[in-house]
Amino acid sequence: MDNGAGPNLLLPLHPCKTIHLVRHAQGIHNVEGDKNFKALLSPEYADAHLTPLGWQQVDNLRKDVQNCGLTKRIDLVVMSPLMRTLQTAVGVFGGEGYTDRMDAAPFMVTNAGKSSRAAISSLNSPPFIALDLCRERMKGHPCDNSRRISDYQFLFPAVDFSQIESDEDTFWKADVLEPVEDVVTRSSKLINWLLKREEKEIAIVSHGGFLVHTLRAFENDSHPLLKEEICKPFANCELRSMVIVDRR
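Remember, it's a predicted structure, so these values are computed and weren't measured experimentally.

1. What to know about the confidence of the model for the chain
In this model, the chain carries an average pLDDT of 89, and 91% of its residues clear a pLDDT of 70 or more. Confidence drops under a pLDDT of 50 for residues 1–7, and excluding neighbours within four residues, the segment shows zero contacts in the predicted structure.

Okay, here's the thing in structure tokens:
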């Protein structure tokens, strides 16, 4: 019955969260690794940082999310605790140029990870939390081996690393291939962790393999026309958005 109160609205029966998935921008390991997969075994790419092109990709995505108003809607940014994901996260979703002040540490200090970039402010920004749950699938590649968390805390002072228990990287192991089932389990734990939080719109900055395995876990809940689309490999610094319905 029309009571004159306005149009009827279709509302979800369960709580929802909007998740924005971002693969890190181009790292130094991607340049040779995209040509020759075996190059990823080189120790010179340990904890790979972004290339100049990678930083250009960050700048472009930053402009896009600002122009569409997404930056103002993000309540939380979660990222893998590696140099390339940290640089991408603070570069895309962080504040503007940093000015020394006592009440707000920067998200990133000047020239962190050989970036040749000025410090990035944390003012008027949502919380940034680093999580091992969204690390790349482990394949023994040195590029996925993180440095000490205490080193990151110096380079990214305003990022919250409290969810990571060990200063050393106990997650990475040489010559160990992480089973796909374990990656899917990690992604499920990440989604459950997010669903328990109060934030409604969340950005996750992670890695191509992990993001694809995360999306594949939702294949059966997606429209048939979307299944192939959502599980395509991510390009560097690509952003995809999805709505997760909490049916617990």
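2. A word on the environment of Val183
Within the element layout of this structure, Val183 appears in helix α6 (residues 180–195). Those residues in contact with Val183, other than ones at most four positions away along the chain, are Arg137, Glu178, Phe210 and His213.

3. A closer look at helix α2 (residues 52–67)
Over its 16 residues, α2 runs 23 Å from end to end, which matches the ideal 22 Å to within 8%, given 1.5 Å per residue. When α2 is considered as a whole, its buried residues turn out to be Gly54, Trp55, Val58, Leu61, Arg62 and Val65. In an axial view of α2, the angular spread of the buried residues amounts to 120°, which keeps them on one side of the axis. What points out from α2, more than 90 degrees from its buried face, is the exposed set Pro52, Lys63 and Asn67. Positive phi shows up at Gly69, right after α2, with a value of about 85°.

4. Examining the sheet that holds strand β2 (residues 76–79)
Taken in spatial order, the five strands make up an open sheet running β3-β2-β4-β1-β5, and their pairing is mixed. With one partner strand each, in any of the chains shown, β3 (128–130) and β5 (239–245) form the two edges of the open sheet. On average, adjacent strands in this sheet sit at an angle of 25° to one another, irrespective of strand direction. Pairing of β2 with strand β4 (residues 201–206) involves four bridges; the strand directions are parallel. Bridging from a neighbouring strand, Val78 pairs with Ile204 of β4. Sheet strands in contact with helix α4 (residues 83–93) are β1 (16–23), β2, β3, β4 and β5, and its direction is about 145° off that of β4.

5. Notes on the nonpolar core
Ranked by size, the top nonpolar core spans 35 residues in total, and within it Val77, Met79, Phe93, Phe128, Phe156, Val159 and Phe161 carry the most contacts. Elements represented by at least two residues in this core include exactly α2, β2, α4, β3, α5 (149–155) and β4. Per-element accounting of this core gives the leading share, six residues, to α4. Apart from residues no more than four positions distant in its own chain, Phe161 is found in contact with Leu86, Ala130, Ile149, Tyr152, Gln153 and Phe156. Within the second largest apolar cluster, 23 residues are counted, among which are Leu21, Val78, Cys134 and Leu194.

6. Some details on the state of the cysteines
Inspection of the entire model under this criterion finds zero disulfides. The cysteine Cys16 is free of any disulfide, with Cys68 supplying the nearest cysteine sulfur at 20 Å. Here Cys16 falls in the partly exposed class, since its relative accessible area comes to 24%. Of the cysteine sulfurs around Cys68, a residue in no disulfide, the closest is that of Cys237, at 13 Å. On the accessibility criterion, Cys68 (49% relative accessible area) is partly exposed.

Parameters at a glance
Residues numbered from 1 in each chain as written. Predicted model: local features only at pLDDT ≥ 70, side-chain atom pairs only at ≥ 80, totals over all residues. Heavy atoms only, no water. pLDDT = per-residue confidence, 0-100. Contact = heavy atoms within 4.5 Å. Helix = DSSP H or I, 4+ residues; strand = E, 2+ residues; numbered from the N terminus. Expected span 1.5 Å × (residues − 1). Buried < 20%, exposed > 50% of the residue type's maximum accessible area, 1.4 Å probe, protein only. Arc of directions from axis to C-beta. Pairing = 2+ DSSP bridges. Axes fitted to C-alpha atoms, helices over the stretch in contact; angles between N-to-C directions. Core = buried A, V, L, I, M, F, W, Y, C linked by side-chain atoms within 4.5 Å. Disulfide = S-S within 2.5 Å.

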